[in-house]
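Summary of structural features
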Amino acid sequence: MSIVDHPRGPRIGPGVAVGITEGVIRTQVHTFYGRVREDPVLGPIFNGAVDDWDEHLAKLCDFWSSVLLVTGRFKGSPMAAHARTPGIETEHFPRWLEIWRDTARSVCRPEAADLFIAKAEMIGESLKLGLAAGRGEIPPLTR
Ligand code: HEM
């Protein structure tokens, strides 16, 4: 049985109900990284890690398309990408989210901005914890 014939039907992405389209994602992602590249703290980390910005932006559009429109286009490994990138510290996450929030509020309608922000906060929290755990900064529950 193919997924479209499944009794429950195909999964509709959470972005659809709030008007998020590929175009909205593109505007959010491109505006955000434009601001990140200019940021005195985050800019140097990104500019040091990303060689091909066109490729990076396309990948991040695929990521948000997979998260919000469930297109399944993203083929990557965010945890591994952050873990191998020099200079990313847990203190950077609030600044990343602040720029993400400001961007969403300035380029999206309010309900779309709310969803972009809520998802980034959840994903950011798990990336930050994963990064800290991988570095041995979180003590194990049992020993
Ligand atoms: C808070 C939420 C965050 C989200 C949702 C997010 C999302 C992503 C995603 C999806 C990728 C692509 C992963 C891949 O190539 O498979 C990525 C790459 C990257 N992220 Fe983040 N990120 C976040 C926070 C941060 C922060 C705080 C920093 C730095 C201070 C950062 C720096 C980078 C860099 C440098 C790359 C490129 C790594 C590479 O291609 O080698 N990210 N991010």
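Throughout what follows, the structure given in this document is the object of discussion. (Residues numbered from 1 in each chain as written. Predicted model: local features only at pLDDT ≥ 70, side-chain atom pairs only at ≥ 80, totals over all residues.)

Along the protein chain, the regular secondary structure elements total 6 helices and 0 strands. Moving toward the C terminus, one meets the helices and strands of the protein chain in the order α-α-α-α-α-α. Each of the three principal axes of the protein chain carries a C-alpha extent, and together these read 45 × 45 × 30 Å. For the protein chain, with 143 residues in total, the buried portion stands at 17%. Sequence separation of 24 or more characterises 72% of the internal contacts of the protein chain that already satisfy a separation of 6 or more. (Helix = DSSP H or I, 4+ residues; strand = E, 2+ residues; numbered from the N terminus. Buried ≥ 20, exposed ≤ 12 C-beta atoms within 10 Å, placed from the backbone. Contact = placed C-beta atoms within 7 Å.)

This paragraph deals with the packing of helix α1 (residues 22–38) against helix α2 (residues 42–49). At a minimum axis separation of 6 Å, α1 and α2 run at an interaxial angle of 105°. It follows from the interaxial angle that α1 and α2 lie roughly perpendicular. Judged by residue contacts, V36, R37 and E38 of α1 engage L42, G43, F46 and N47 from α2. By residue class, the composition of the contact of α1 with α2 is 3 nonpolar, 2 polar and 2 charged. (Axes fitted to C-alpha atoms, helices over the stretch in contact; angles between N-to-C directions. Parallel < 35°, antiparallel > 145°, perpendicular 65-115°, else oblique. Nonpolar A, V, L, I, M, F, W, Y, C, P; charged D, E, K, R; others polar.)

Located in the positive-phi region is V70, a residue other than glycine, with phi close to 50°. The topology assignment puts V70 in the loop between α3 (53–69) and α4 (78–84). Classification of V70 by C-beta neighbours within 10 Å gives partly exposed; the count is 15.

Taken together, 23 residues are adjacent to the ligand, and A49, G76, H92, W96 and G124 come closest. Those elements giving two or more residues to the shell around the ligand turn out to be α2, α3, α4, α5 (92–107) and α6 (110–134). Here the shell around the ligand is composed, by residue class, of 16 nonpolar, 6 polar and 1 charged. (Near = placed C-beta within 6 Å.)

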